[in-house]
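Residue-level structure breakdown
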Number of protein chains: 4
Amino acid sequence: MGMIGGGRGAFIGAVHRMAAGLDGRIELVCGAFSSDPVRSRESGADWFLPPGHCYGDWREMIEKEAARPAGERMDFVTIVTPNHLHFPVAKHALEHGFHVVCDKPATFDLAEAKELQRIVARTGLLYALTHNYTGYPLVKEARALVASGKLGRIRKVVVEYPQGWLSTRLEETGQKQAAWRADPAKSGAAGCFGDVGTHAENLAEYVTGLRIRELAADLSSFVPGRRLDDDGNVLLRFEGGAKGVLHASQISAGEENNLNLRVYGELGGLEWRQQEPNTLVMKWLDRPAEVLRAGQGYLGGSATAATRLPAGHPEGFLEAFANVYRNFAAHVGARLEGREPAPGDPAMDYPKIADGVRGMAFIEAVVASSRANAAWTVPDA
Amino acid sequence: MGMIGGGRGAFIGAVHRMAAGLDGRIELVCGAFSSDPVRSRESGADWFLPPGHCYGDWREMIEKEAARPAGERMDFVTIVTPNHLHFPVAKHALEHGFHVVCDKPATFDLAEAKELQRIVARTGLLYALTHNYTGYPLVKEARALVASGKLGRIRKVVVEYPQGWLSTRLEETGQKQAAWRADPAKSGAAGCFGDVGTHAENLAEYVTGLRIRELAADLSSFVPGRRLDDDGNVLLRFEGGAKGVLHASQISAGEENNLNLRVYGELGGLEWRQQEPNTLVMKWLDRPAEVLRAGQGYLGGSATAATRLPAGHPEGFLEAFANVYRNFAAHVGARLEGREPAPGDPAMDYPKIADGVRGMAFIEAVVASSRANAAWTVPDA
Amino acid sequence: MGMIGGGRGAFIGAVHRMAAGLDGRIELVCGAFSSDPVRSRESGADWFLPPGHCYGDWREMIEKEAARPAGERMDFVTIVTPNHLHFPVAKHALEHGFHVVCDKPATFDLAEAKELQRIVARTGLLYALTHNYTGYPLVKEARALVASGKLGRIRKVVVEYPQGWLSTRLEETGQKQAAWRADPAKSGAAGCFGDVGTHAENLAEYVTGLRIRELAADLSSFVPGRRLDDDGNVLLRFEGGAKGVLHASQISAGEENNLNLRVYGELGGLEWRQQEPNTLVMKWLDRPAEVLRAGQGYLGGSATAATRLPAGHPEGFLEAFANVYRNFAAHVGARLEGREPAPGDPAMDYPKIADGVRGMAFIEAVVASSRANAAWTVPDA
Amino acid sequence: MGMIGGGRGAFIGAVHRMAAGLDGRIELVCGAFSSDPVRSRESGADWFLPPGHCYGDWREMIEKEAARPAGERMDFVTIVTPNHLHFPVAKHALEHGFHVVCDKPATFDLAEAKELQRIVARTGLLYALTHNYTGYPLVKEARALVASGKLGRIRKVVVEYPQGWLSTRLEETGQKQAAWRADPAKSGAAGCFGDVGTHAENLAEYVTGLRIRELAADLSSFVPGRRLDDDGNVLLRFEGGAKGVLHASQISAGEENNLNLRVYGELGGLEWRQQEPNTLVMKWLDRPAEVLRAGQGYLGGSATAATRLPAGHPEGFLEAFANVYRNFAAHVGARLEGREPAPGDPAMDYPKIADGVRGMAFIEAVVASSRANAAWTVPDA
C-alpha cells in the first residue's frame, strides 16, 4: 500500500494506516504524505519507511512506483487528501495501473465522479471508497435481514448523523480538520453533507438495498461567517415507495458522532447506532424486540466474516474500517492470483465507485434542492 | 367533574378518570358516558355514580347539571369523545357556564378551534386541552432550561412520535380505538397527525417556546385501503431561525409510543424520551453530558411542583396526565375562591385553547402542504 | 379504608392513599393520622374527611369503627406508621375484625411477626404486606417465566438495592424519614436491611419461587455516629442449590432507588430494574436477548392483569403499589360476597403475612450473621 | 516481538498480535507457535515469518534468539500458552535476557508467581501482564478520579464478571478454549476465578487504588462433571475500611463478557461497563450524574494518552489491549535508549509482576476460603 496525504498529525491518514494494518496482511510501503518532501520523509520515517519510498509529490510517487519491477512496487494506492485532490490522484493512479482506495466523498463534484467511474471501468482496476460505517458487522447483518424479507416490504427509513464539533467557528482557530472542510475550494459544494451527510445516505441505501428516488432538502449554515452548510434536514422518497427522513448536523451541540439508522417494514423494524455498534435491535409487530450482538453464533455469514472477537469483546470504528480494507485486499489478492471472487463473496463486499457516484449525486441533489427552497430533486446517479 | 364519553371499555376515558382522581381532589359526579342511556348508567354504576347522575345525552347532562343548585352540580366537564364531537360539546358546556377539559385535538377542524377560542374568551371560563405529555416533570424542566438561556439560541429541533400499532388494517377488525381514528368523519383531516403528530408539535413548541413559522410535509397512507395518513415526515422552520424535523408514524412496526424530543442550541442540547420519562439528558459543548432525574432537589420549581415521589420511584403516563388536571383544578379552585393565579403559578401551567388552535393549524398546514407535494406552508394560527 | 399514620407531609401515607385510590374502588373513610387529635383532623380535612372520622388515637379509631354498623365502618385498615407500631396496631385491628394492609417490614422483630401470623390464622382475616415492587407487571411476568421452566433450573441470583440518600448523617438534620429509620427503637434491629434489604429478599424469592436456605452477611455503618447498618453485602444459598448475592445500601452515593434483579438458569437469564420497570430482558444461551415490555399482548395473565395502559405508556411506582391494593381489594370484595378466589386468581396475588415472617427472619438472620463475622446463618421462618 | 503459543486458530494469540501491531511500532519477528515444528512454521507463514524464525520448542526459540546479534533478535517475548506454561517460559526468557509480556493469570500458582517476582527483580528486566481491561481510557480516567479524591473516601465497591459461555459442558465437545480452562492441570486451582475472577479483582484494585485485605468466597461448579469452579460470589473487605462484593461466573446464561465496576465514596460514585467501554458514569450526591466519554477534551492525561480516535468513534477491546503493549513498548524503547521513564509517565502504566502476584494470591485465597465454607481469608501477596 502506498499512501497519498495523511502525514504527521493527520487524523484520517492514521485511521487508514491502523485499519489497513490491523489484520497483518497489508503493509505500508511508500507515501506522498505531504507536498513538502522533507515533511513527507519525516512522516514516512515515523512508520519506518526508508527515505527513497517517501515522496513530496503524488505524481512522482505514482510514476516512480509504476516504474519499479513487479513485486517491489506498491499493490495499490490509498488517497487520504482533502476532497479536491481525490479525483486527479485516483485518475493518475488508475492510469498507471494501480488499484485505488479513496476516502469519501469520492470526488470534488459529481462530474468528476462520473468521469472516475468511466476510468475505473476502462482500466478494469479495483476501486474502494471508505464508507467505513458499512464495515460494521451489525450493519452487514441489518442489510442481510432486510434482504431476507424478514421485515417485509420497507416503508420507512430514518437516518441521522448529528455531530456538534462545529458549533463554533472552529475553522478560524487553525484547527486543520475544520479548516479544509469549511473551505468550498477544498471540500466541494457541501460542508456537513459532504462530510457526514453522505455517510448517512450510503448507510441507508446499503442496509435497505433501496435507492433514493427524490429528495427535498433544507440546508443551513448556523454559525455566522461559515460558507458551507453545517446542518440540514431532508425528506426522502425511495424507489419502491418507502419514505423517510435524513438529517445531518455539525452544530448539534453535545453530539459526538451519532450516526444511526432505523428501518421499518411491514413486519418489523431495526435500529442501529454507531456509538454502540455491536448491538442491533430488531423490533416486531407482536413479539418481543430482539437484541442482536456482534460475535454471536446466530448472525449470518457477512456479519461473522466481519468479526474478529467473541461476543462481548467490543469491536469499534477501526475494526469496521479495517473490514473495508480486508475485503478490498482479498479482492486485490484474488486478482494477483488471477481469480475473481464470486458476487456473494465477502471479498466483494466493500463500497465501490458506483457508491461514490451515488454519494456525489446525493450531495449535489441536496444542495440543488436546498437552493430551490427544498424543491423535490432527483439525484442524477 | 362530569364526563362526556368514556364509557366502559374506552381507553382514554379511563385514563382521564384515573388521572383526575389521582390527587384525591377531583371527584367524578356525573357523566354522559354513552349515547345509550342504559349503557351510560351501567358505566356510571362501575364508578359508583347514582343513576340520576348518568345521562344518555350530553346536551341533557349539561343542561340538567346547569339547573342544579351551586354546590350540587359539577364544577367542570371533561370531554373524551371522538374528535368530531369536541367542539359542539365544549361550546354547549361553556355556554352553560362550565369550565372544560377536552382531549386533543381540540376540534374537528381549524375553523371550529378558532370559534371555540372566541367562545372561551367571551365566556371567560377555563379550558384545558390534555396535551398530557407536557405534564411530565422533566418536560417542564426542559422548558425551563431552554427559557433560562442555558442552551443559548436554539438552532435545531428534532421531534419524533413513532408508533407501530396501525401497521396492519386494524380498523377493519372491530378494534374500537382504531376504527374511529381511521374514519375521516370522526377523526378530521388527518389520521396519524391528528392523533400523535399534534402531540409532537405541541411538545416541541412547549419546550422551546418557539412557534413553527412554516413547514413542508410529506404524508403517506402505507396500509392499503386506509383513508387517512398513517405516517408523515415534516421539515420545520421556526420563528427566530431554528430549523428542525418532525416525523410521526403509526406504521413504524415494533414501536410503542416513542415520542421523543431533541433540542440543540448554541451552547448545548437536550434529549427527552417519553418511554423513559424520568430522565432528561443535557449535552454540552465541552463538558460531560448530565443526566437529570425526576424528583431530584436540583430541579426547578415547575418540575418539582409536578412530582409526587422521591427520585428513583418512577412516575409515568398517568401521573403526567394528572398534572394537567392538578394544575387545571388549582385554577378552577382559585376561581371558586374568586382569585386568579399569577402568570408563573403552576396553576396556570396547562395547555389551553391557544394550544388547541395552534394544534389544529398545524394539522391543517401539514395536510395542505402534503397535498401540494410538500410545499412550504404557514400554519394559520 | 381507614388509615393509621400518614398525616400531612408523610411520604408513605400519601403513596398508600394514591395507590389505594387509583382504580376508584377504595375510599378513605377514616384515619388516625397523628397522635395529636388536632393534627389528625387537619390531615383528614385535606382529604375531605369529616372531623368525626379523624382520630387522635389508633386504638380509639379501631374500636369506634368496630362499633359502627356494617356498611358504615371501614372495610380494612392500612398501617403506615414507623415499624415499632406495626404489630400492636395490626393485632388490635385483626382482633376487632378488620382486614389489614401494612407497610413493610411486617413488624419490629421476628417474634412479633410469628405472633401476628398466628393471629391472622386464628381470625381468618386478610392481611396484605405492601412489598409493592412485586406489583410491577414485569416482575409478575418474570415470576411466571421462571415458574414455566423456560430458564431451566435456577443457578444464580443477583439482587441489589442501592440507594445513596443516607450518605450523610441526614437523620440529625430533622429529616423525618431518616430520623425514625435510623432509630433502633422505631426501626428494629436493622436499618438499611429493614428498609430496603427486605424488599430485595422479597423480590428475589417472589420471582424465583425459591427460598433462601442460608446466608452470610457483612453489614456496615459507614456514616459516623449512625447506630444501624447503612450498607451490607450478603452471600445467598437457596433451597435447591442456587446461589447468589444480595447487596443493599443507603450510602451508595448518587444512587436513587436502584432495586434490580438478575436470575440465571440452565437455559437463560432474566434482568429487571425498578427504575425502568416496564422492561424485562430475557437472555438466552444461543439466541438474541429479548426485551419484554409492559402492556404487550405476548405477556402472561398475571402481568396483563396488573397493567392499566397500552404498551409505551409508562406505568410506575404508584401503579405497582396500586396493584397490591387492587388484588387485596378484590380479595376483600370476594369475602364481602362470601366467596374465596381460586389459588391462581390475581386476587390472591399480593404479599401476605407469610412473606412478612420470611422478611423478618431474613432481617434477623442478616443481623445475626453479621455479628458473627458473616457466619452462615439459617433464617428462622 | 517473539511469540510463544498462539498458533493458527488460537484466540488469544491473535488478539496479542493485533494489539501489539496496532500502532505500527511492534513487529512479530519470531515464534514458537506450537510444539509441532511443522504446525509452528505454518502458523508463522500466515504472518509472513520466514521458516527460520519459527520454532517448535520454546526453549529452543529463546536460546537461539538470545544467540542472535543485537538488532537481529527479538526485543521481548510474549507468552500466550495455557497457564501452566507461563512460569517456565517467563523464567527462561528472563534468564536469557528478554523482557516478557504474559497473558494472565501470571502463573499456575502463587508460589510460582512469587518466584517469578524474584526473577524479575533479580534480572531487572521488564514484565507486563496483560490485564487488558485496565487499558481502556475510561478505566484510567476512573482511577485518576478516585485518586483525585473527587469521590471522597471510598466506601463500597461492586465488581462483576458474568459470562455464560460455559453454561453447558463445552469442554467435552472439543472446544479448545474450554478444554484447557476446565483442566486443573493446565488452568490451576481455579476455573472461572483464574480466568475472569482475577480480571475483576485487578480492575477493582486498579481503579480504587485499594487492596483487598480479606475475603469470604463461595465457589460453585454448577455444570455436572466440571472439575473447577464455574461461578463464585465473594465478600470483600479492603484496606482502609471499604467493603464490597465481587462475583464472577461462566454459567450466567446469556451474558457475554459483562465485566463491570461500581465504586462509591463519600461524595459520589462511578460506574463502568466493559461492553460499552467508552462511557463512564459519575454519580453525585446532589447534582446530576455525568456521562464521561472517551476522546473528550475534558478527560485527564492517562485517558487521553490511551485514546486514538475522536469522541464518538468507538474504540474497543483490541485498542485497550493495544494500550498495554503501547505503554510496555514505550518502556522497552526507553530502556533501549538507556532511559527510565518517570513514575507518572504513561510508559509505566501497564500491569506488572506485582499485579500478577496479587492476582495469584487472590485466586488462592478465594479457593481456600471457599473450601473453608467462606471463611474470611487474607490473600498472601
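Quick note: structure is the one above.
Parameters at a glance
- Residues numbered from 1 in each chain as written.
- Chains lettered and ligands numbered in written order.
- Predicted model: local features only at pLDDT ≥ 70, side-chain atom pairs only at ≥ 80, totals over all residues.
- Heavy atoms only, no water.
- Contact = heavy atoms within 4.5 Å.
- Helix = DSSP H or I, 4+ residues; strand = E, 2+ residues; numbered from the N terminus.
- Nonpolar A, V, L, I, M, F, W, Y, C, P; charged D, E, K, R; others polar.
- Pairing = 2+ DSSP bridges.
- Axes fitted to C-alpha atoms, helices over the stretch in contact; angles between N-to-C directions.
- Buried area = accessible area lost by both parts, 1.4 Å probe.
- Salt bridge = Lys/Arg side-chain N within 4 Å of Asp/Glu carboxyl O.
- Polar contact = N/O pair within 3.5 Å; in protein donor to acceptor, adjacent residues only side chain to side chain.
- Least-squares fit on C-alpha atoms with pLDDT ≥ 70 in both.

1. Some words on the interface of chain B and chain A
Listed as interface residues are 47 residues of chain B and, on the opposing side, 47 residues of chain A. Listing elements by their share of the side of chain B that touches chain A, those giving two or more residues are strand 6 (154-162), strand 7 (212-220), strand 8 (231-238), strand 9 (243-249), strand 10 (260-265), strand 11 (268-273) and strand 12 (279-284) of chain B. The residue makeup of the side of chain B that touches chain A, split by class, is 18 nonpolar, 16 polar and 13 charged.

2. Description of the sheet that holds strand 3 (residues 76-79) of chain B
Two strands in a sheet stick together by hydrogen bonds in their backbones, pointing the same way (parallel) or opposite ways (antiparallel). All names here are of chain B. Across the sheet, which stays open at both edges, the 5 strands sit in the order 2-1-3-4-5 with parallel pairing between neighbours. Since the sheet does not close on itself, it has two edges, and those belong to strand 2 (30-32) and strand 5 (127-129), each with one partner. Across the sheet, the mean angle separating the axes of adjacent strands is 15 degrees when strand polarity is ignored. Sheet topology places strand 1 (residues 2-4) next to strand 2; 3 bridges connect them, and they run parallel. By the bridge assignment for strand 2, G2 is matched with C30.

3. With respect to the interface of chain C and chain A
Each partner contributes to the interface: chain C provides 8 residues, whereas chain A provides 8 residues. Counting each side, the surface lost to burial between chain C and chain A is near 680 Å², with a carbon and sulfur contribution of 68%. When the buried surface of chain C facing chain A is broken down by residue, P288(C), V291(C) and Y298(C) rank first, second and third, together holding 59% of it. At the boundary of chain C with chain A, the tally comes to 0 salt bridges. Connecting chain C to chain A are 2 residue pairs in polar contact (both at pLDDT 80 or more). Of the residues that constitute the side of chain C that touches chain A, the class distribution is 5 nonpolar, no polar and 3 charged. Where strand 13 (residues 289-293) of chain A and strand 13 (residues 289-293) of chain C come together, 3 bridges link them in antiparallel fashion. By the bridge assignment for strand 13 of chain C, A289(A) is matched with V291(C).

4. Here we look at the relation of the copies chain C and chain A
The two copies are related by a screw motion: chain C maps onto chain A through a turn of 180 degrees and a shift of 0.0 Å along the axis, at an RMSD of 0.0 Å. This pairing of chains is accounted for by a two-fold axis. For chain C, the smallest separation between a C-alpha atom and the rotation axis is recorded for E290(C), amounting to 2.3 Å. When the interface residues of chain C are mapped onto chain A, 100% of them again lie at the interface, so the same face is used by both copies.

5. What to know about the sheet that holds strand 2 (residues 30-32) of chain A
Residue and element names in this part refer to chain A. Strand order in this open sheet of 5 strands is 2-1-3-4-5, and the pairing throughout is parallel. The outermost strands of the open sheet, each flanked by one partner alone, are strand 2 and strand 5 (127-129). Adjacent strand axes in the sheet meet at a mean angle of 15 degrees, parallel and antiparallel pairs treated alike.

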